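# An overview of the molecular structure
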Amino acid sequence: MKKIFKICTITFIISLLFSFSAFGTANNGTCGAENGGKNLTWTFSDGTLTISGNGKSYEETPWYQFNNYELVINIESGVTSIGNHAFEFCFYISSIAIPDTVESIGDYAFSDISDYPSYKEFPLPDSVKSIGDYAFYKNGFIKTMTLPKSLETIGAHAFEGMKVWENCVLPESLKSMGEYAFADCFGIKSIDIPGAVQQIPDRAFYHCVNLAAANISEGIVSIGAYAFSEDNLRNLTLPSTLKSIGDGAFRMCAGITGLVIPENVTEIGANAFENSGNITSVSLPQSLISIGDGAFDDCSSVKSFTVDGSNKVYSSDGDGVLFNKDKTELLIYPKASEKTSYNIPESVTSIAKKAFEYSKNLSEITIPYGVETIDDYVFSACENLVSADLPQSVTSIGKSAFAGCVKLKAVNLPQSLTKIGQSAFSFCASLKSINFPQSVTSIDSLAFKNAGLTFVSVPQGVTVIQSYTFRAN
C-alpha cells in the first residue's frame, strides 16, 4: 500500500511541475518566413499564444506542444499570413483574434479541430484574399463564419466536412475554388456562386445533404464532376454562359423537376443527372454534341425529351423519345411516358443500353427488322411489359435485357438468335414457357433464374449452358 501511495504522489508532483512549466513560465521563439525567420515572434504564457511582428509566417508550428491545452490565440497587427498547418490539431481553441493585416491562410491551418462547445464563431477579417487547401478541413467547432469580402481563392478541400456551418456566403470577389471545397458541409442550405468563379470544380458541393438552393450565376462556364451530387436541390436554373456539365454533376438530386439545358452547353457528362427521380421533362439545345453514358439513368419521372430541331447530333419524336440525329439509334425512352405500347421506328438499327429500363407503363414493344442486338438492361424492370416481338435480325440478347419484367408472358425468339446473355430473363415470374430456336448455341448463367418456366426444350445446337441458368424455376 505504501508503495502505491508513493507512486501516486510522484505522479501528482510530476503533473504539477509540468503544469507549472507550461503555464507559469513563458515559452517563446521566432516563426517568421522573412529576414532569416526572425520577422515574427511567438509567446505562450498562461494559456495564451501570442504571435507578433511584421510579414509572413512559415510552415512549422513550434507551439505544437501546447495543442492539447485550452488556447487563447492572439495574432497581432502586422502579421500578413497564417502558415501551413499553423493550428492543425489544436483541439481546444477558446478564442482567436486575427488582425486585418492577414491576407492569406495556409494549407491545413485550422484543420481537424474538434467540436469545442464554448467556441462557435470564427472571425475572418476582410483583408484575407486566399484560403489554402484543407484550411478548415473537418473543423468541428465552427458554426458561424463570414467569408472575407476580398476573398479571391479557396483551396481544395478547404471547408470539407464542416458539418455545423450554416451561413456560407461566397463573396463577389471570389475567382476560384478547389475540388471538394465545400463537400460534406451538411449545414449549408443555400449558396450563391458568383460568375467570376467561371469553373465550379469537381465535387465542390458534393453530399451537402441540406443544400436546397444553388444560384449558379451568369459567367459560370463549366460544372465539374459530381459538383452537386447527393444534394437536396429543389429548383435548378443553369446560366446561359454554361458550356459543359461534368460526370455525375447533379446525380441523386431528387428535388430537381423540369430541366432546361442552356443554349451554349455542348457536353453533358456520364451519369450527370442519374437517379434525379423528380425530373419530369428534359429540353436539349441546338449546341449539344455529347451526352455521356447513363446521363439520365433512373430518372423515373421523365415524360419527354425535347431536342431543338437544329441540333446536328440528337433528335426526338412526337412521343418524347431521344434518338441520334438520323434516328438509327434509340437512346432513351422516357420512363414515365403514359403510352402502354410503342413501335420503334423502322429506321432504328440499334437500341442503347438501358434505353427502356424502368419504363413503368410500357406493356407492348415492337422492334423493327435490322436491330441485331438487344443490349444489356434494355428492357430491365419494365414491370408492366407483357409481350416482346423480336425481329429475325436479332442475334444476341444481352445481360439482364428483360430481367425483372414480372408480367412478361410471351417472347418471340427469332431463328437468327445465337446467344442469350447472363440474367437475360431472370425474375420474369410470368414467363411459363420459352421456345428456343435451333440457332441458339449459348445460354449464359442465371439467364432464367427465378422465372416461371414449367417446361424447357434445349436445342441440339446448344454447346454451353452456364451455371444456375434455370435456377429456382
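Residues numbered from 1 in each chain as written. Predicted model: local features only at pLDDT ≥ 70, side-chain atom pairs only at ≥ 80, totals over all residues. Heavy atoms only, no water.

### Re the overall build of the chain
Test applied: Runs of E in the DSSP output that reach at least two residues are strands. Runs of H or I that reach at least four are helices, and both are numbered from the N terminus. For every residue, the accessible area (1.4 Å probe, protein chains only) is compared with the maximum for its type, and the residue is labelled buried under 20%, exposed over 50%, or partly exposed between those bounds. Contact between two residues is taken to exist if any of their heavy atoms lie within 4.5 Å; hydrogens are not considered. Reported accessibility uses the Shrake-Rupley method at a 1.4 Å probe radius. Residues are deemed covered only where the shown protein chains occlude them. Counted charges follow a simple rule, with Lys and Arg positive, Asp and Glu negative, and His plus the chain ends left uncounted. Every charge is mapped onto a representative atom, which is NZ of Lys, CZ of Arg, CG of Asp or CD of Glu.
Scanning the chain for helices and strands turns up one helix and 37 strands. Its C-alpha atoms give the chain principal-axis dimensions of roughly 95 × 70 × 35 Å. When each of the 473 residues of the chain is scored for burial, the buried share is 50%. Of all intrachain contacts in the chain linking residues separated by at least 6 positions in sequence, the fraction that spans at least 24 positions is 29%. Counting every atom, the chain has about 20,800 Å² of accessible surface; 50% of that belongs to carbon and sulfur. Considering the chain, the positive charge centre built from 33 side chains and the negative charge centre built from 48 side chains are found 8 Å apart.

### Things to note about the sheet that holds strand 1 (residues 27-30)
To keep things clear, this is the line we draw: A strand pair is defined by DSSP finding two or more bridges across the two strands. In this analysis, axes come from line fits to C-alpha atoms, helices being fitted only over the stretch in contact, and the angle between any two N-to-C directions falls in the range 0 to 180 degrees.
Pairing within the open sheet is mixed, and its five strands lie in the order 1-2-3-4-6. Either end of the sheet is taken by a strand with one partner, and the two such strands are strand 1 and strand 6 (92-97). Here the average twist between neighbouring strands, direction ignored, is 15°.

### Considerations on the environment of Phe250
Looking at the element boundaries, Phe250 is found in the loop between strand 17 (244-245) and strand 18 (259-260). Given the relative accessible area of 0%, Phe250 is considered buried. In this structure the C-alpha to C-alpha distance between Phe250 and Ala227, which are 23 residues apart in sequence, comes to 7.0 Å. In this structure Phe250 touches Ile216, Ile223, Phe228, Leu233, Leu236, Leu238, Ile245, Ile256, Ala272, Phe273 and Ser276, once residues within four positions along its chain are discounted.

### Things to note about the pairing of strand 4 (residues 70-75)
Along strand 4, the buried face is formed by Leu71, Ile73 and Ile75; none of Glu70, Val72 and Asn74, which line the opposite face, is buried. In the sheet, strand 3 (residues 48-53) pairs with strand 4 via four bridges, with the strands oriented parallel. Looking across to strand 4, one finds that Leu49 is bridged to Ile73. Taken together, the five bridges between strand 4 and strand 6 define a ladder with parallel strand orientation. Each bridged residue has a counterpart across the sheet, and for Ile73 the counterpart in strand 6 is Ile96.

### A short note on the pattern of salt bridges
Put simply, the rule is: The rule for a salt bridge is simple: a side-chain nitrogen of Lys or Arg has to be within 4 Å of a carboxyl oxygen of Asp or Glu.
If you walk through the whole model with that rule in mind, you get seven salt bridges. As a salt-bridge pair, Lys354 and Asp297 come within 3.5 Å of each other at their nearest N and O atoms. Placement of the pair is Lys354 in the loop between strand 27 (350-351) and strand 28 (364-366) and Asp297 in the loop between strand 21 (290-291) and strand 22 (304-307), with a sequence separation of 57 residues. One salt bridge connects Lys353 with Asp376, and the closest N-O pair in it is separated by 4.0 Å. Placement of Lys353 in the loop between strand 27 and strand 28 and of Asp376 in the loop between strand 29 (373-374) and strand 30 (387-389) is noted, with a sequence separation of 23 residues between them. Each of the salt bridges in this network shares a partner with another, and the network as a whole consists of Glu230, Arg251 and Glu274.

### Quick look at the confidence of the model for the chain
The cut-off we apply is this: pLDDT measures how confident the predictor is about each residue, on a scale from 0 to 100.
Looking at the chain, the pLDDT average stands at 90 and 93% of residues meet or exceed 70. Scored below 50 in pLDDT, residues 1-25 makes 13 contacts in the model with residues more than four places away or belonging to other chains.

### Some remarks on unusual backbone geometry
Positioned with a positive phi, His85 is a non-glycine residue whose angle comes to about 65°. Secondary-structure assignment places His85 in the loop between strand 5 (81-82) and strand 6. For Arg203, which is not a glycine, the phi torsion comes out positive at approximately 55°. As for its position among the elements, Arg203 is in the loop between strand 14 (199-200) and strand 15 (213-216).

### A short note on the packing of aromatic side chains
The condition that has to hold: Only Phe, Tyr and Trp rings are paired, with Trp represented by its six-membered ring, and only when their centres lie within 6.5 Å; those with planes under 30 degrees apart are stacked, over 60 edge-to-face, the remainder tilted. Counting as a charge over the ring demands two things of the Lys NZ or Arg CZ atom: a distance within 6 Å of the ring centre and an angle within 35 degrees of the ring normal.
Here the structure, examined in full by the defined rule, presents 31 aromatic pairs. Ring centres of Trp63 and Phe87 lie 5.7 Å apart, and the angle between their planes is 25°; on these two criteria the pair is classed as stacked. A residue pair is termed long-range when its members are at least 10 positions apart, and Trp63 in the loop between strand 3 and strand 4 and Phe87 in the loop between strand 5 and strand 6 qualify at 24 residues. The exposure class assigned to Trp63 is buried, which follows from its relative accessible area of 5%. Here Lys163 stacks its cationic end above the ring of Phe186, 5.0 Å away from the centre of that ring. When the ring centre of Tyr206 is taken as origin, the NZ or CZ atom of Arg203, which lies over that ring, is 5.7 Å away.

### Focus on the sheet that holds strand 19 (residues 267-268)
Pairing within the open sheet is parallel, and its five strands lie in the order 14-16-17-19-21. This sheet does not close on itself; its edge strands, each paired only once, are strand 14 and strand 21. Pairing of strand 14 with strand 16 (residues 222-223) involves two bridges; the strand directions are parallel. Directly across from Ile200, in strand 16, lies its bridge partner Ile223.

### With respect to a negative patch on the surface
Short version of the rule: Two distance rules govern patches: like charges are joined within 9 Å, and nonpolar side chains (Val, Leu, Ile, Met, Phe, Trp, Tyr) within 5 Å, applied only to residues with over 30% relative accessible area and no salt bridge.
On the surface, Asp133, Glu179, Asp202, Asp247 and Glu267 cluster together into a patch of negative charge. For Asp133, the position within the fold is in the loop between strand 9 (130-131) and strand 10 (144-145).

### Overview of the side chain of Ser316
As a reminder, the rule being used: Residues adjacent in sequence count toward polar contacts only when both atoms are side-chain atoms; beyond that, a polar contact is any pair of N or O atoms within 3.5 Å, and within protein one must be able to donate a hydrogen and the other to accept it.
If you trace the backbone, Ser316 turns up in strand 23 (residues 314-316). Within the structure, the side chain of Ser316 is placed 3.2 Å from the backbone nitrogen of Val307, a separation counted as a polar contact. Each residue touching Ser316, except ones within four places of it in the same chain, is listed here: Phe305, Thr306, Val307, Val321, Phe323 and Lys327.

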